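So the chains spell out like this:
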Amino acid sequence: MIIKPSSVNSMAFWGKRLLSYAKTGIEHCHGKTQERRLIQTNISVFIAVITILVFNLAFVLLGNPGLMYSGLVQLPFLLLLPLVLWFNRKGRRHEATLTLFLLVMLDAVSALMLAQGVTLGLQYYFLMFAVLPASYLDAKHWPTTLLLFLSNILLFGYFEVYGWQAHPSIAEVPTFTITLLRIIMVGSCATTVLVVILISEYYAAQNEQELQYLADTDSLTGLPNRRAFMGRLERTIKDRRSFSLLIIDVDHFKQINDTTGHQTGDAALQFLANQLNACIQGEDFAGRIGGEEFAMVQFCASPLEHLVRAESLRKTIASAHPDLGVGPVYLTVSIGVCMATPPVSLITLMAMADNALYEAKRSGRNCVQVAAAKSESVPPWQAVT
Ligand SMILES: Nc1nc2c(ncn2[C@@H]2O[C@H](COP(=O)(O)OP(=O)(O)OP(=O)(O)O)[C@@H](O)[C@H]2O)c(=O)[nH]1
């Protein structure tokens with residue numbers, strides 16, 4: 001099948017319209033769960049309107065007076081459904097949800113009692129109206145949820161046990177048509193429940209992603225925090241690839257804080273994070289592992305390249321003199337490098353990089369030191385075990 005670009009465009013157009021309609025009143029929501037409930041309510045209005053219209057059309061086409069009458073008694077509820085959106089637009093989510101459930105319940109009761117009876121299985125809708133409020137209403141409104149559950153179960157139970165006589169003309173509808181209408185009716189219930197579950201799942205996945213991001217990210221610099229960095233470092237070690245670990249510590253950061261203020265100190269840390277991000281190549285990764293301490297894993301082709309890149313990072317920072325709102329700030333960093341060829345333990349690796357950093361601080365700061373450089377004969381990347 002060939003899909004024309006114009007039909008893709010119009011699908012995108014209607015998709016966007018539906019999405020903006022589904023988000024009616026979203027500006028009043030606090031948090032993802034409220035958003036999810038609001039969208040579920042708005043989408044349900046849309047489904048209810050479409051369902052009533054489709055059944056009305058089918059009833060008119062069938063030309064049966066009883067069925068057409070059943071469609072007619074549903075029209076007032078159809079006209080009242082936009083009230084739900086009006087409540088949501090005003091930020092009154094609870095009233096909106098309550099209105100939705102009361103309208104669809106009354107709609108089903110009147111269509112069933114005045115025309116259809118239980119012939120088309122309309123009573124099954126009460127099962128759906130019994131369980132959905134638990135997903136739509138806030139937990140604090142549990143009495144409403146319980147009331148809706150009990151009243152719908154009672155309605156279903158009553159009509160299922162005692163039945164209800166349909167309009168006499170409905171007896172003339174062929175059995176096949178009745179069966180088809182029953183299937184469509186139950187199918188529309190199942191579709192509504194499916195849509196509600198899909199929306200819930202989508203929001204649950206988004207929530208999880210957001211929480212994961214917050215748990216892994218340093219809020220000041222946007223870099224992975226210590227926990228996330230260490231996790232990735234551990235996975236890198238398990239991958240058994242050669243790499244170098246850099247620990248980068250700001251020199252005399254306390255002085256920067258003391259002389260220019262804590263805010264400038266924060267801006268300096270953000271500046272450094274940007275510098276680290278700019279120096280990331282390929283699968284390299286960086287993180288903020290302490291107050292003024294950063295770390296970076298670099299994958300390079302040769303040990304010499306590891307050193308050249310560490311030295312270039314140091315020089316770039318030292319020569320940047322960024323203006324952090326208080327004129328140029330002279331920032332330098334000391335870098336401890338440990339080149340590793342796994343197998344190597346995380347503790348050993350960190351200890352060696354820390355030792356190298358300590359050496360860099362001891363030898364005057366603003367320099368790069370490599371772990372195990374004491375040994376002349378064994379290259380440092382082989383000394384790591
Ligand atoms: N502005 C700001 N300062 C921080 C943050 N986290 C830690 N610090 C400061 O970083 C400073 C670290 O000071 P020290 O450990 O003495 O290290 P230093 O002054 O950089 O000295 P050397 O590392 O020896 O060169 C402390 O004053 C902390 O208050 C932060 O998030 N923002």
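Residues numbered from 1 in each chain as written. Predicted model: local features only at pLDDT ≥ 70, side-chain atom pairs only at ≥ 80, totals over all residues.

The protein chain carries the name diguanylate cyclase in an unreviewed UniProt entry, which gives Shewanella amazonensis as its organism. Of the comments in the UniProt record for the protein chain, the one headed Cofactor (unreviewed entry) reads "Mg(2+)". The annotation that UniProt attaches to the protein chain under Catalytic activity (unreviewed entry) is "2 GTP = 3',3'-c-di-GMP + 2 diphosphate". (UniProt positions renumbered as here; feature names shortened; annotations may be inferred.)

**What to know about the overall build of the protein chain**
When its secondary structure is counted, the protein chain shows 15 helices and 5 strands. Computed over the C-alpha atoms, the radius of gyration of the protein chain is 33 Å, more than 25% above the 21 Å expected from 2.2 N^0.38 for a compact globule of 385 residues. Oriented by its inertia axes, the alpha-carbon framework of the protein chain measures out at about 100 × 45 × 45 Å. Residues counted as buried form 32% of the 385 residues belonging to the protein chain. Long-range contacts, defined as pairs at least 24 residues apart, comprise 67% of the intrachain contacts of the protein chain with a sequence gap of at least 6. (Helix = DSSP H or I, 4+ residues; strand = E, 2+ residues; numbered from the N terminus. Rg over C-alpha atoms; globule rule 2.2 N^0.38 Å. Buried ≥ 20, exposed ≤ 12 C-beta atoms within 10 Å, placed from the backbone. Contact = placed C-beta atoms within 7 Å.)

**Considering the nonpolar core**
Judged by nonpolar contacts, the single largest core of 43 residues is most densely connected at Leu245, Leu246, Ala295, Val337, Cys338, Ala353 and Ala356. Of all hydrophobic cores here, the second largest spans 31 residues; its members include Tyr125, Phe129, Leu148 and Ala166. (Core = buried A, V, L, I, M, F, W, Y, C linked by C-beta atoms within 7 Å.)

**What about the packing of helix H2 (residues 32–62) against helix H3 (residues 65–80)?**
Two quantities define a packed helix pair, namely the angle between the axes and the distance from one axis to the other. For the pair H2 and H3, interaxial distance at closest approach is 9 Å and the crossing angle is 155°. With respect to their mutual orientation, H2 and H3 come out roughly antiparallel. Of the two elements, H2 crosses H3, and the hand of that crossing is left-handed. Only Leu67, Met68, Ser70, Gly71, Gln74 and Leu78 of H3 make contact with H2, whose side of the interface consists of Val49, Ile52, Phe55, Asn56, Phe59, Val60 and Leu62. Looking at side-chain class alone, the contact of H2 with H3 contains 9 nonpolar, 4 polar and no charged residues. (Axes fitted to C-alpha atoms, helices over the stretch in contact; angles between N-to-C directions. Parallel < 35°, antiparallel > 145°, perpendicular 65-115°, else oblique. Left-handed = near helix turned anticlockwise from the far one by under 90°. Nonpolar A, V, L, I, M, F, W, Y, C, P; charged D, E, K, R; others polar.)

**Examining the UniProt feature "transmembrane region" (unreviewed entry) in the protein chain**
Cross-referencing UniProt, the feature "transmembrane region" (unreviewed entry) maps to residues 43–62, 68–86, 98–116, 146–164 and 176–199 in the present numbering. Between the end C-alpha atoms of residues 98–116 there is a gap of 25 Å, over a span that is 100% helix and 0% strand. Taken end to end, residues 146–164 is 89% helix and 0% strand, and its two terminal C-alpha atoms sit 26 Å from one another.

**Some points on the pairing of strand S1 (residues 243–250)**
The buried fraction of S1 is high, at 8 of 8 residues. Of the two faces of S1, both are covered, the one formed by Phe243, Leu245, Ile247 and Asp249 as well as the one formed by Ser244, Leu246, Ile248 and Val250. As defined by bridge partners, S1 adjoins strand S4 (residues 333–340) across 8 bridges and the pair is classed as antiparallel. The residue bridging Phe243 from the neighbouring strand is Ala340, located in S4. Examined bridge by bridge, S1 and strand S3 (residues 293–298) share 6 bridges and lie antiparallel to one another. Residue pairing in the sheet places Ile248 in a bridge with Phe294 of S3. (Pairing = 2+ DSSP bridges.)

**Points about the packing of H3 against helix H5 (residues 93–116)**
Between H3 and H5, the least distance of the axes is 9 Å, while the angle of their chain directions is 160°. By the angle between their axes, H3 is roughly antiparallel relative to H5. With respect to the hand of their crossing, H3 and H5 are arranged in right-handed fashion. Together, Gly66, Tyr69, Ser70, Val73, Gln74, Phe77 and Leu80 of H3 and Leu103, Leu106, Asp107, Ser110, Ala111, Leu114, Ala115 and Gln116 of H5 make up the contact between the two elements. Of the residues belonging to the contact of H3 with H5, the class tally is 9 nonpolar, 5 polar and 1 charged.

**Points about the domain arrangement of the protein chain**
Split by domain assignment, the protein chain resolves into domain 1 (12–216) and domain 2 (226–383). Computed over C-alpha atoms, the centres of domain 1 and domain 2 are 58 Å apart. (Domains from an automatic or database assignment.)

**Some thoughts on the environment of Val84**
Examined against the element boundaries, Val84 turns out to sit in helix H4 (residues 82–89). According to the C-beta neighbour criterion, Val84 is buried, with 27 such atoms within 10 Å. Once the C-alpha coordinates of Val84 and Ile237 are considered, the two residues, 153 residues apart in sequence, prove to be 56 Å apart. Look past the residues within four positions of Val84 in its chain and what remains in contact with it is Thr41, Val45, Ala96, Thr99 and Leu100.

**Describing the sheet that holds strand S5 (residues 368–370)**
As summarised here, the arrangement of the 5 strands in space is S2-S3-S1-S4-S5, forming an open sheet in which the pairing is mixed. This sheet does not close on itself; its edge strands, each paired only once, are strand S2 (285–288) and S5. Adjacent strand axes in the sheet meet at a mean angle of 20° when their direction is disregarded. Sheet contacts for helix H13 (residues 303–318): S1, S3, S4 and S5; angle to S4, the most-contacted strand, approximately 165°.

**A short note on the environment of Gln209**
Along the chain, Gln209 falls in helix H9 (residues 175–216). A tally of 10 C-beta atoms within 10 Å means that Gln209 is categorised as exposed. Put simply, Gln209 and Val131 are 78 residues apart on the chain and 28 Å apart in space, counted from C-alpha to C-alpha.

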